[in-house]
Amino acid sequence: MEILDGYLPASIQRAADLLTRGELVAFPTETVYGLGADALNSLAVAGIFELKKRPHFDPLIIHIGEKEWLRRYARSVPPKAAELASRFWPGPLTLILEKNDLIPDIVTSGLPTVGIRMPAHPVALELIRRLDRPIAAPSANPFGYMSPTRAAHVAAMFKDTPLLILDGGDSAFGIESSIVSFPSDSVRLHRHGALTAEDLTCAVGPLMEKKNDGSCESPGELPYHYAPHKPLVIVESIGEAKNPRSSYLSFKELSRNPEVRHIRTLSPKGDLREAAANFFSFLIELDREDVDVIYAEKIPESGLGRAMMERLHKASRKYLYITR
């Protein structure tokens, strides 16, 4: 395990050299930390699935260094996709487009489409540009677990792995990218993320929601995901936190403290942006050996709140607990 300052040119060069040799590198983005491989190297990409223990039917996102690269790897770019890229890239938005033959099938799990995004983090962009190839990168965590937002999270999750981690500080958004596709010139939202549905609607009009039909066209669509090791129960208020051997995740400042072992408050003033930035980091902290369960308070389902609640629901479904 090696952690380097991602803002140093020598660190970027070392990471790019490793990627060129087909090895994996963890690097920061503005959403969460990614586990990256050269997206055009099938064997390297296979290493991502192996290390994460990720099922091969769950496709990856590729990260590009310039907006113009979009047309290098997508067979066609619908007008609404071009409009969204123009408005929101670099940024936390993934576009699902028909791939060209440069993208190996392992990246897309055999699908004819690929998720593409241009991250906003300067370390990520410099790494991709230095490599001069797209980087395939899911979140840098074991499959199904919560996404890392700090280099230290990645190091703890893969502590027995000889992995290079570029440290770029805490992720600004703390929630993965929003994912959209473009069926029949419409825009379909596959995953709520750091770019809100309201922002997308303002740009391109009403969105279609992805139907929960069991298909997996993009990352994050499986029914169980983003889960801590301990059972997670969604509650309306602190009065429902009945187990004293528990952790509690509150949305904003509590009127009284529950009788639990650990408490984290996402945003004392109830600010959704601050809450999202703390979301995974606080859940990772609450997922401790000395608790039986994590109680998570409901978050208002508007803006970034929808993305956080989507993840809480997926986390809670991993266990046979009733959400309220």
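Model, not experiment: these values are computed from the prediction.

Novice: So what exactly am I meant to see when it comes to the pairing of strand 15 (residues 293-297) here?
Specialist: Within a regular strand, the side chains alternate between the two sheet faces. Across the 5 residues that make up strand 15, a large majority, 5, are buried. On strand 15, burial covers both faces: Val293, Tyr295 and Glu297 on one face and Ile294 and Ala296 on the other are all buried. Sheet analysis places strand 12 (residues 232-235) next to strand 15, joined by 4 bridges and oriented parallel. Bridge pairing links isoleucine 234 to alanine 296 in strand 15.

Novice: I keep staring at helix 9 (residues 272-286) and nothing clicks. Help me out?
Specialist: Spacing of three or four residues puts side chains on the same side of an α-helix, whose turn is 3.6 residues. Look at helix 9: 19 Å from first C-alpha to last across 15 residues, which is about the 21 Å you get at 1.5 Å a residue. Of all the bends found along helix 9, the most pronounced is centred on phenylalanine 279 and spans about 45 degrees. Where helix 9 is concerned, the buried positions are Leu272, Ala275, Ala276, Phe279, Phe280, Ser281, Phe282, Leu283, Ile284 and Leu286. At its buried positions, helix 9 is contacted by helix 7 (151-157), strand 12, strand 13 (246-250), strand 14 (262-265), strand 15 and helix 10 (304-316). The opening residue of helix 9, the one whose side-chain oxygen lies 3.2 Å from the backbone nitrogen of arginine 273, is aspartate 271.

Novice: What exactly am I supposed to notice about unusual backbone geometry here?
Specialist: Residues other than glycine predominantly adopt negative phi, and peptide bonds predominantly adopt the trans conformation. Cis geometry marks the peptide bond from tryptophan 89 to proline 90; its omega dihedral reads -10 degrees. Non-glycine residue lysine 53 carries a positive phi angle of around 60 degrees. Tracing the backbone shows lysine 53 in the loop between helix 2 (42-52) and strand 4 (61-63). Positive phi is not limited to glycine here, since serine 184 has a value of about 50 degrees.

Novice: Please clarify how the packing of helix 9 against helix 10 should be interpreted in this entry.
Specialist: When two helices pack together, their arrangement is given by the angle between their axes and by how far apart the axes lie. Their axes nearest at 9 Å, the elements helix 9 and helix 10 cross at an angle of 20 degrees. By the criterion of interaxial angle, the relationship of helix 9 to helix 10 is roughly parallel. As for the relative orientation of helix 9 and helix 10, their crossing is left-handed in sense. In contact with Leu272, Arg273, Ala275, Ala276, Phe279, Phe280 and Leu283 of helix 9, helix 10 contributes Leu304, Gly305, Met308, Arg311 and Leu312. Class assignment of the residues belonging to the contact of helix 9 with helix 10 gives a composition of 9 nonpolar, 1 polar and 2 charged.

Novice: So what exactly am I meant to see when it comes to helix 1 (residues 9-20) here?
Specialist: Taking 1.5 Å as the rise per residue, helix 1 with 12 residues should run 16 Å; its terminal C-alpha atoms sit 16 Å apart, in good agreement. Where helix 1 is concerned, the buried positions are Ser11, Ile12, Ala15, Ala16, Leu18 and Leu19. Buried residues of helix 1, viewed axially, fall in a sector of 160 degrees; they line one side. Those residues of helix 1 that are exposed and angled more than 90 degrees off the buried face are Pro9, Ala10 and Thr20.

Novice: For this particular structure, what's the right way to read the pattern of salt bridges?
Specialist: In total, this model carries 18 salt bridges according to the counting rule given. Put simply, arginine 130 and glutamate 126 hold a salt bridge, and the shortest N to O gap is 3.1 Å. Separated by 4 residues within a single helix, arginine 130 and glutamate 126 lie in helix 6 (residues 122-131), roughly one turn from each other. Assessed through its relative accessible area of 31%, arginine 130 is described here as partly exposed. For glutamate 126, a relative accessible area of 32% gives the class partly exposed.

Novice: Even after reading the chapter, I still don't get the environment of threonine 29, so can you show me in this structure?
Specialist: Examined against the element boundaries, threonine 29 turns out to sit in the loop between strand 2 (25-27) and strand 3 (34-38). Spatially, the C-alpha atoms of threonine 29 and proline 119 are 6.2 Å apart, while their sequence positions differ by 90 residues. If near-sequence neighbours (up to four positions away) are discounted, threonine 29 is found in contact with Arg117, Pro119, His121, Ala124 and Ser171. One polar contact links threonine 29 to threonine 31, side chain to side chain, over a distance of 2.8 Å. Side chain to side chain, threonine 29 and arginine 117 meet in a polar contact 3.2 Å long.

Novice: Please explain the pairing of strand 8 (residues 164-167) as it appears in this structure.
Specialist: The pairing of strand 1 (residues 2-5) with strand 8 spans 4 bridges and is classified as parallel. Looking at the pairing, glutamate 2 lines up with leucine 164 of strand 8. Here strand 2 runs beside strand 8; their pairing, made up of 2 bridges, is parallel. Paired with valine 25 across the strands is leucine 164, a residue of strand 8.

Novice: What is the right way to look at the sheet that holds strand 6 (residues 113-117) in this model?
Specialist: Within a sheet, each strand pairs with its neighbour through backbone hydrogen bonds, oriented either parallel or antiparallel. Spatially, the 11 strands line up as an open sheet ordered 1-8-2-3-7-4-6-5-9-10-11, and their pairing is mixed. Edge positions in the sheet fall to strand 1 and strand 11 (208-209), since each of these pairs with one other strand and no more. Inspection of the sheet shows strand 3 paired to strand 7 (residues 135-136) by 2 bridges, in the antiparallel sense. Along strand 7, the bridge assignment pairs aspartate 38 with isoleucine 135. Across the sheet, helix 1 touches strand 1, strand 2, strand 3, strand 7 and strand 8, and the angle it forms with strand 8 is around 145 degrees. Relative to the sheet, helix 4 (residues 79-88) contacts strand 5 (93-98) and strand 9 (178-181), its axis offset from that of strand 5 by approximately 155 degrees.

Cut-offs applied
- Residues numbered from 1 in each chain as written.
- Predicted model: local features only at pLDDT ≥ 70, side-chain atom pairs only at ≥ 80, totals over all residues.
- Heavy atoms only, no water.
- Buried < 20%, exposed > 50% of the residue type's maximum accessible area, 1.4 Å probe, protein only.
- Helix = DSSP H or I, 4+ residues; strand = E, 2+ residues; numbered from the N terminus.
- Pairing = 2+ DSSP bridges.
- Expected span 1.5 Å × (residues − 1).
- Bend = angle between axes of the 7 residues up to and from the residue.
- Contact = heavy atoms within 4.5 Å.
- Polar contact = N/O pair within 3.5 Å; in protein donor to acceptor, adjacent residues only side chain to side chain.
- Axes fitted to C-alpha atoms, helices over the stretch in contact; angles between N-to-C directions.
- Parallel < 35°, antiparallel > 145°, perpendicular 65-115°, else oblique.
- Left-handed = near helix turned anticlockwise from the far one by under 90°.
- Nonpolar A, V, L, I, M, F, W, Y, C, P; charged D, E, K, R; others polar.
- Arc of directions from axis to C-beta.
- Salt bridge = Lys/Arg side-chain N within 4 Å of Asp/Glu carboxyl O.

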